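The lines below spell out each chain.
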Amino acid sequence: MSGLVALLDDVAAIAKVASASVDDVMGQAMKASSKAAGAVVDDAAVTPKYLTGFSAERELPIVWKIARGSLFNKLVILLPVALLLTVFAPWAISPLLMIGGLYLCFEGAEKIWHAINPSDHHSEELVKDKMSAAKLEEKKVRGAVKTDFILSAEIMTIVLNALPPDGSIVRTGLSLAVAGVIITIAVYGSVALIVKADDVGLHLAARKGGGWLAAIGRGIVKGMPWVMKLLVVVGTAAMVWVGGSIIVHGLHEMGWHAPSEMIHSVAVAAGQAIGVYVGAVEWFVTAFLDGIVGVVLGGLMIPVATWVIGPAMAAVKPVFSTQK
């Protein structure tokens, strides 16, 4: 009997340790996730632009497809890579992140180029018109998941850097996984609410007897097209801002401090010149200048992608297709 009591005591002690470990992992994951809040906002702002042009009944299924792709990006690809890089090649994290930042700069600059040159964008729209709805949806989802991969890489890197460096590899992996799930739910839950807000507005506007709820519903219905357009602009701005900031920060870590120091000096000078809300002014100026860097680098990447990378990928693609 005493042996059974001792065994139960041991089980209880193990359960307490496990419970403390779970609480520790959750606490670390939540704390580290908060450090990536800026990137999470960027991700939520970028995604809705991939849902424009689809019928209302396809919006939530598309959001779910993108969310699944995002979880796959974070948990199946980026989590193991992050752990391997942490153990074997921590020096490679920054250059890889910079490559992702350069891609974001290119994506954002390309959207800006299409806005400036609608004729060029019109030819692309004609190609889309010839696609079936299923193929267009598949293309949009692929594009969203591809962009999410870059933003998820940034988010996971920020979370990784925010975790205690003395943690075990298991605890670090669990914290990254929990943070990845929490962030994905937050991002795509917000996106789902945004894209279905007009349906909620229609439901409220159709209430019998009118009243203030119906008026709110009509306001939502009238306002959501403008909100969606604003999110497209915010999403594009977020791409060049985040991409530019990744490049500037990466160059700083690699020893080229001039771009980072110059931006910091201008931001500090602007904050001192205005004299009020100094922190907010410095943040805004820094983000604006990071965005300028992103637009310039992305603009330089457009001809490279069009005349070099695109043809190279087109030439290699048949080789991989025949191997399948």
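Look up: the structure comes first, before these words.
Keep in mind the model is a prediction, meaning the values are calculated, not measured.

Here the focus is the overall build of the chain. On a plain count of helices and strands, the chain comes out with 10 helices and 0 strands. Going from the N terminus to the C terminus, the chain shows its helices and strands as α-α-α-α-α-α-α-α-α-α. Evaluated residue by residue, the chain yields a buried proportion of 37% over its 324 residues. Considering only contacts within the chain whose residues lie at least 6 apart along the sequence, 78% involve residues at least 24 apart. Roughly 18,600 Å² of accessible area belongs to the chain as shown, and the carbon and sulfur atoms make up 73% of that amount.

Another aspect to go through is the environment of Gly 298. Looking at where Gly 298 falls in the secondary structure, it is placed in helix 10 (residues 278–323). Judged by relative accessible area, Gly 298 falls into the buried class, the value being 0%. In the structure, Gly 298 is positioned 54 residues away from Gly 244 in sequence and 8.9 Å away in space, judged by C-alpha atoms. Apart from residues lying up to four places away in sequence, Gly 298 is in contact with Cys 105, Phe 106 and Ala 109.

Here we come to the environment of Ser 260. Its location among the elements puts Ser 260 in helix 9 (residues 258–274). When the C-alpha atoms of Ser 260 and Gly 250 are compared, they prove to be 9.4 Å apart, with 10 residues separating the residues in sequence. Among all residues touching Ser 260, those that are not within four sequence positions of it are Val 248 and His 252.

This paragraph deals with the packing of helix 4 (residues 93–116) against helix 8 (residues 211–253). For the pair helix 4 and helix 8, interaxial distance at closest approach is 7 Å and the crossing angle is 150°. By the angle class used here, helix 4 and helix 8 are roughly antiparallel. Every pair of crossing elements has a handedness; the one defined by helix 4 and helix 8 is left-handed. Along the contact surface, helix 4 presents Ser 94, Leu 97, Met 98, Gly 101, Leu 102, Leu 104, Cys 105, Glu 107, Gly 108, Ala 109, Lys 111 and Ile 112, while helix 8 presents Thr 236, Met 239, Val 240, Val 242, Gly 243, Gly 244, Ile 246, Ile 247, Gly 250, Leu 251 and Glu 253. Of the residues contributing to the contact of helix 4 with helix 8, the split by class is 13 nonpolar, 7 polar and 3 charged.

Right, let's talk about the packing of helix 7 (residues 169–205) against helix 8 for a bit. The geometry of helix 7 relative to helix 8 is characterised by a closest axis approach of 7 Å and an angle of 160° between their N-to-C directions. When the axis of helix 7 is compared with that of helix 8, the two are roughly antiparallel. In this structure, helix 7 crosses over helix 8, and the sense of that crossing is left-handed. Residues Ile 194, Val 195, Ala 197, Asp 198, Gly 201, Leu 202, Leu 204 and Ala 205 of helix 7 form the contact with helix 8, whose own contacting residues are Leu 213, Ala 214, Ile 216, Gly 217, Arg 218, Ile 220, Val 221, Met 224, Met 228 and Leu 231. The class makeup of the residues in the contact of helix 7 with helix 8 is 14 nonpolar, 2 polar and 2 charged.

What the rule picks out here adds up to 4 salt bridges. Note that Glu 138 and Arg 142 form a salt bridge whose closest N and O atoms lie 3.1 Å from each other. Remark: Arg 142 and Glu 138 occur in helix 6 (residues 133–162); sequence separation between them is 4 residues, near one turn of the helix. Looking at Glu 138, the relative accessible area reads 46%, which means it is partly exposed. Lys 196 is paired through a salt bridge with Asp 199; the nearest N and O atoms lie 2.4 Å apart. One end of the pair is Lys 196 and the other is Asp 199, both in helix 7 and 3 residues apart, which spans about a single turn. By relative accessible area, which is 27% here, Asp 199 ends up partly exposed.

Cut-offs used in this document
- Residues numbered from 1 in each chain as written.
- Predicted model: local features only at pLDDT ≥ 70, side-chain atom pairs only at ≥ 80, totals over all residues.
- Heavy atoms only, no water.
- Helix = DSSP H or I, 4+ residues; strand = E, 2+ residues; numbered from the N terminus.
- Buried < 20%, exposed > 50% of the residue type's maximum accessible area, 1.4 Å probe, protein only.
- Contact = heavy atoms within 4.5 Å.
- Areas by Shrake-Rupley, 256 points an atom, 1.4 Å probe, with all protein chains shown as cover.
- Axes fitted to C-alpha atoms, helices over the stretch in contact; angles between N-to-C directions.
- Parallel < 35°, antiparallel > 145°, perpendicular 65-115°, else oblique.
- Left-handed = near helix turned anticlockwise from the far one by under 90°.
- Nonpolar A, V, L, I, M, F, W, Y, C, P; charged D, E, K, R; others polar.
- Salt bridge = Lys/Arg side-chain N within 4 Å of Asp/Glu carboxyl O.

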